[in-house]
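# Structural characterization, general
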Amino acid sequence: NYKSLVTHLKSRNFKEMRKWVGNNSDIEPAVVYRKLYDMSSDLLVENSVPQLVIHIANYSYKSAFVADHEVNLVACLTEIMADCEFK
């Protein structure tokens, strides 16, 4: 499941990433954040890992206050796509 998400993030395909989030809305955002965090060293160039961690931490915190978790997760993944360099 996460393989296709990573493919969309790498290719900066916002439309497909957003579709993946919608199709997997049964997965808690915290689980997605943790999975990305755990895979970060394998997915990203070394200099991008700290930026990913900062994005995950910010959006994990915001998750406690948002009305729509799907929108919050898409926002997080959008920032990761924009700011992180994938291998």
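Before any of the text, the structure's been laid out above.
Residues numbered from 1 in each chain as written. Predicted model: local features only at pLDDT ≥ 70, side-chain atom pairs only at ≥ 80, totals over all residues. Heavy atoms only, no water.

## Some points on the overall build of the chain
For the chain, the count of helices and strands is 5 helices and 0 strands. Against the 2.2 N^0.38 benchmark of 12 Å for 87 residues, the chain shows a C-alpha radius of gyration of 12 Å, consistent with a compact globule. With respect to the principal axes defined by its C-alpha atoms, the chain has extents near 35 × 25 × 20 Å. Burial analysis of the chain (87 residues in total) assigns 39% to the buried set. If you take every contact in the chain between residues at least 6 apart in sequence, the share linking residues at least 24 apart comes to 66%. As displayed, the chain has an accessible area near 5300 Å², and 51% of this comes from carbon and sulfur atoms. (Helix = DSSP H or I, 4+ residues; strand = E, 2+ residues; numbered from the N terminus. Rg over C-alpha atoms; globule rule 2.2 N^0.38 Å. Buried < 20%, exposed > 50% of the residue type's maximum accessible area, 1.4 Å probe, protein only. Contact = heavy atoms within 4.5 Å. Areas by Shrake-Rupley, 256 points an atom, 1.4 Å probe, with all protein chains shown as cover.)

## So, the packing of aromatic side chains
We describe a pair of aromatic rings using the distance from one ring centre to the other and the angle between the two ring planes. Scanning all chains against the criterion turns up 2 aromatic pairs. Residues Tyr-2 and Trp-20 carry aromatic rings whose centres are separated by 5.8 Å and whose planes lie at 45 degrees to one another, so their mutual orientation is tilted. Highlighted residues: Tyr-2 in helix 1 (residues 2–10) and Trp-20 in helix 2 (residues 14–23), separated in sequence by 18 residues. Each member of the pair, Tyr-2 as well as Trp-20, carries the same accessibility label: buried. (Phe/Tyr/Trp six-rings, centres within 6.5 Å; stacked < 30°, edge-to-face > 60°.)

## Quick look at the side chain of Ser-40
Its place among the elements puts Ser-40 in helix 3 (residues 29–43). Of the residues examined, Ser-40 reaches a relative accessible area of 4% and is grouped as buried. With sequence-adjacent residues up to four places away left out, Ser-40 is seen in contact with Val-49 and Leu-52.

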